[in-house]
Amino acid sequence: MKALHSFTVRPQLPERLAGLDALAANLRWSWDRRTRQLFRSINPIVWDEGGHDPRRVLAETSPERLTELSTDADFCADLDAAAASLQTYLSEPRWYQQTVSPDPLDGGVVAYFSPEFGIAEAVPQYSGGLGVLAGDHLKSASDLGVPLIGIGLFYRHGYFRQSLSIDGWQQERFPDLDPFAMSLNLCDGVRVELDLAGRRLVAQVWAARVGRTPLYLLDTDLPDNDEDLQLVTDRLYGGDVEHRLRQEILLGIGGVRALEALGIDARVFHTNEGHAGFLGLERIRNLIQRDGLTLDEAIQAVRAGSVFTTHTPVPAGIDQFPRELIEQYFPSWREACGVSPDDMMRLGHRPDSEPDDRFNMAVMGMHLAERRNGVSALHGQVSRGMFADLWPGVPEDETPVGHITNGVHGETWVGRELATLFEDHIGSDWEWCAPEAWDAVAGIGDEDLWQAHRAAKERLVEHVRDRLRSSGLAVGRSPSELEWIDTAFDPDALTICFARRFATYKRAALLLRQPERLAALVTDPDRPVQFIFAGKAHPADDAGKELIRQVVSFASDASVRHRFAFVEDYDMWLARILVQGADVWLNTPVKPMEASGTSGMKAVMNSALHCSILDGWWAECFDDGWTPDGPGVANGWAISSADGLEDDERRNEVEAAGLFDLIERQLVPLYHPDGGAVGAPSPAWVERQRVSLRTLGPFVSAHRMVRDYTERLYLPAARHSAELNDADHVGARQLAAYTARLDALWHSVHVDRVDVSDSIADLGDTRGVTAVVALGELDVSEVEVQLVIGRVGQSGELEDTQTVPMVGGESIDSEGHRRFAALALLDRAGRLGVTVRVVPAHPLVADPAELGHVAWAG
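This structure is a prediction, so every number in the text was calculated from the model and none was measured.

Moving on: helix α8 (residues 129-144). In a regular helix each residue adds 1.5 Å, so 16 residues correspond to 22 Å; α8 covers 22 Å between its end C-alpha atoms and thus fits that length. For α8, a buried count of 15 out of 16 residues is recorded, marking the element as mostly surrounded by other parts of the structure. In the stretch just after α8, Gly-145 is the one whose phi turns positive, near 75°.

As structure tokens, then:
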């Protein structure tokens, strides 16, 4: 076969329709209903079958049809309205412009680095939750006017498309993607060069507009590169460990260089998981080579403006690279920075790591970012436990890793009927509203709420039927063999959905542990229940693929297949259909391995009820409805978790039994009350939907999430970065000198004696506490001596502690001892305890735990 050279031919639009090109070029169409409807009206078949892609609609619509539309007054009026709406959206002041003054970013931006971005199914640069979260982050930043840009990679084959073999085993195929046919533009003249183990790598840069937010994607598929290096950006999460390292070097180091080449002034750098962590190394190199900083000074300068978000609740999920690869790929960085191999490895090592241990990307992320967070309250707690050893002597609950709970972009995920209700009752800006505005949900009538939801259920049923039919034909089934699909599933049945990545800890097959009870549920003619599953396993995860096979095997039984299905090729389109149409969203992870779990957030925003293990975001959001006056209405269900069982098999059995009890005794009777006709659910069910929307709707919004990031992390990071880096980095130099002084002298700091005035006291009393402290060569101004008071727990450790600064510091002998004093307020009854500690103090350090030095009373 002769070599094939392909190229993309873009359509020539009639002059009157020129505005369509601008609308297609801005990915705001992926969440703006007016624009989506406009493109669908051009060619509904191509829109529905072509991945909801405006570029494809324009390319595959005949010139005659476009000419016809150019003279259609109604269409042209809709086009003008959509174009005007976009221009207003791009130019008007938003939340950030209205509330942030003075702006510490000072004309600069937040650079948000992520290995994947899920903006729309028409731009398939995502695999699952991490990428879709990143896409929602960009969209909400745009809606809020936050000056943020995205940096990622363009994968020529994206993530895989899923199909199933005749026996239910996952098959993968990787499509060839044409960026010229997407809502992307090549940044002409912008090239990025890197050294990959002595070889030259060149990347071009594609630009997308996500509303007001730019997104830049690096691409190595260029003839300038050797053939194997052209494949650095071939697939998302593909290849071996060296391939992953190359991708992460390109994302981190190449991403920083792309910002420079584009002339973008990034003031804050946000790393979405550890994949882009090498960006810190590039920034350090620049500061050392260009500004003459030492390594320690450069690290302080970089940390101040860096945010690191971890999404992984288990060490095994963190990218780690062998020492030989780190040495092979970073000799030029070490030489430029004057860093030895051991010193470089320490950036990715824990304090007790051996020199040859693997380089841990999350540990480097923690070291090189001053602000760090998990993605739910529980995950923040888990992360503090995972990384507490990076700050020796600091209590685990004070480990400087916080949390910001994830959220989802409502306009992307909420069905049109429900969105209309929100606009009518909460307001046109329902995603922006204060939580109390959601109280207006109480005014939505039962019939209105249920009919809005039922419309989405009807779409879900039709879509599942279409997908099952297509899947059957694809594996050679005849149309007659598939006739049963015509009546499969029912919009009046209680519909329970489970859709997510098929990782083993998510336990997609938990219900299959009791197949008889499951079959009884789906075959009950009086109280019908149906289950819909979807999700992909990583191509290398055979255990995950086996879970899919088990679910598919159960679904193939003729007695249950009309009420139990696995729908293949899970993507953003299918996700929208499922979250909008589900009555119940099921989540069964092994606690605490679910960092957040945003699919359930999308479902509850669509009035589904969440039924989950108390893990991830659900651990902080579930409300059982109990009040001081007695039981009320819960906002979902909590599946009992047998955390204390060490035997995994036994734990799965216990939790599966608890889940069935919940479904049989609570969910089904509430939806199908005894004696109730099959059809609309009980009023009590609809009331629980209302309670769920009112209590969860404002919290699960990505607008709340991005506001939290902006107010709690981005703006403080921008301020501190300016404080350290203005005036030739004088602050960074001072802080580096101070930390070096602490490292050298802290060994001489100790608390030698603590005295408390009395041992018995009444509630509300105060007790004087004095301490004798040795500071060695450190000055009193360089430390803070703190009184720590709290309850004495069963293990003898203080719990629920408070700290009080101690005063004094006068010298009491010739050996350098000083006396400090404080009053302890006894505001709690019971057994209380006090101790004393010494921590660093410096005007450029907000949290002394950052410095990892604590001296406790012995």
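Taken in spatial order, the six strands make up an open sheet running β16-β15-β14-β17-β18-β19, and their pairing is parallel. In the strand order of this sheet, the two ends are held by β16 (564-567) and β19 (636-639), each with one partner. Going from strand to strand, the sheet's axes swing by 20° on average, the running direction of each strand aside. Bridge analysis of strand β17 (residues 584-587) against strand β18 (residues 609-613) gives four bridges, and the strand direction is parallel. Looking at the pairing, Asn-587 lines up with Ser-612 of β18. This element, helix α23 (residues 572-581), spans β14 (494-499), β15 (529-534), β16 and β17 of the sheet and lies at about 155° to β15. Strand contacts of helix α27 (residues 683-696): β14, β17, β18 and β19, with the helix running at about 75° to β18, the strand carrying the most contacts.

Here the focus is the sheet that holds strand β7 (residues 213-219). Taken in spatial order, the nine strands make up an open sheet running β5-β6-β7-β2-β1-β8-β9-β12-β13, and their pairing is mixed. With partners counted over all chains shown, the strands left at the sheet margins are β5 (185-196) and β13 (402-403), one partner each. Two strands pair when backbone bridges link them, and strand β8 (residues 266-272) and strand β9 (residues 306-309) are joined in this way by four bridges, in the parallel orientation. By the bridge assignment, His-270 is partnered in β9 with Val-307.

Taken across its five residues, β18 has five buried, putting it largely inside the fold. A crossover links β17 with its parallel partner β18, the connecting element being helix α24 (residues 598-604), and its sense is right-handed. Taken together, the four bridges between β18 and β19 define a ladder with parallel strand orientation. Note on β19: the bridge partner recorded for Ser-612 is Ala-638.

If you walk through the whole model with that rule in mind, you get 66 salt bridges. Its salt-bridge partner being Arg-290, residue Glu-260 comes within 3.0 Å of it at the nearest N-O pair. Of the two residues, Glu-260 sits in helix α10 (residues 241-261) while Arg-290 sits in helix α11 (residues 279-291), which places them 30 residues apart along the sequence. On the basis of relative accessible area, Glu-260 is assigned to the partly exposed category, the value being 37%. A salt bridge links Glu-297 to Arg-733, with the nearest nitrogen and oxygen atoms 3.5 Å apart. Linking Glu-297 in helix α12 (residues 295-304) with Arg-733 in helix α28 (residues 702-745), this pair joins segments that are 436 residues apart in sequence. Each of Arg-199, Asp-226, Asp-228, Glu-242 and Arg-246 takes part in salt bridges that share partners, so that together they form one network.

Attention now moves to the packing of aromatic side chains. Scanning the entire structure with this criterion turns up 26 aromatic pairs. Taking 4.9 Å as the distance between ring centres and 45° as the angle between the ring planes, the aromatic pair formed by Phe-278 and Phe-330 counts as tilted. In this pair, Phe-278 sits in the loop between β8 and α11 while Phe-330 sits in the loop between α13 (323-329) and α14 (331-337), placing the two residues 52 residues apart along the sequence. Given the relative accessible area of 0%, Phe-278 is considered buried. With centroids separated by 6.1 Å and ring planes inclined at 65°, the aromatic side chains of Trp-450 and Tyr-671 adopt a geometry described as edge-to-face. Of the two residues, Trp-450 is situated in helix α20 (residues 446-474) and Tyr-671 in helix α26 (residues 648-671); the sequence distance between them amounts to 221 residues. Over the aromatic face of Trp-413 sits the side chain of Lys-602, whose NZ or CZ is 4.9 Å from the ring centroid.

Looking now at the packing of helix α19 (residues 416-425) against α20. At a minimum axis distance of 8 Å, the contact between α19 and α20 shows a crossing angle of 155°. Here α19 is positioned roughly antiparallel relative to α20, judged by the angle of their axes. Between α19 and α20, the residues in contact are Arg-416, Glu-417, Leu-418 and Leu-421 and Asp-448, Leu-449, Ala-452, Ala-455 and Arg-459, respectively. In the contact of α19 with α20, the residues fall into five nonpolar, no polar and four charged.

Moving on: the pairing of β5. In this sheet, strand β6 (residues 199-210) lies alongside β5 in antiparallel orientation, the contact comprising eight bridges. Across the sheet, residue Asp-195 finds its bridge partner in β6, namely Arg-200. Counting the residues in the hairpin turn of β5 and β6 gives two residues, including Ala-197, whose phi is positive at 55°.

With their axes 7 Å apart at the nearest point, α20 and α23 run at an angle of 135° to one another. In terms of orientation, α20 lies oblique with respect to α23. Relative to α23, α20 is oriented so that their crossing is left-handed. On α23, the residues touching His-453, Ala-456, Lys-457, Arg-459, Leu-460, His-463 and Arg-467 of α20 are Trp-573, Leu-574, Ile-577, Leu-578, Gln-580 and Gly-581. The class makeup of the residues in the contact of α20 with α23 is six nonpolar, four polar and three charged.

The rules behind each value
Residues numbered from 1 in each chain as written. Predicted model: local features only at pLDDT ≥ 70, side-chain atom pairs only at ≥ 80, totals over all residues. Heavy atoms only, no water. Helix = DSSP H or I, 4+ residues; strand = E, 2+ residues; numbered from the N terminus. Expected span 1.5 Å × (residues − 1). Buried < 20%, exposed > 50% of the residue type's maximum accessible area, 1.4 Å probe, protein only. Pairing = 2+ DSSP bridges. Axes fitted to C-alpha atoms, helices over the stretch in contact; angles between N-to-C directions. Contact = heavy atoms within 4.5 Å. Right-handed = clockwise from strand over helix to strand, strands pointing away. Salt bridge = Lys/Arg side-chain N within 4 Å of Asp/Glu carboxyl O. Phe/Tyr/Trp six-rings, centres within 6.5 Å; stacked < 30°, edge-to-face > 60°. Lys NZ or Arg CZ within 6 Å of the ring centre and 35° of its normal. Parallel < 35°, antiparallel > 145°, perpendicular 65-115°, else oblique. Nonpolar A, V, L, I, M, F, W, Y, C, P; charged D, E, K, R; others polar. Left-handed = near helix turned anticlockwise from the far one by under 90°.

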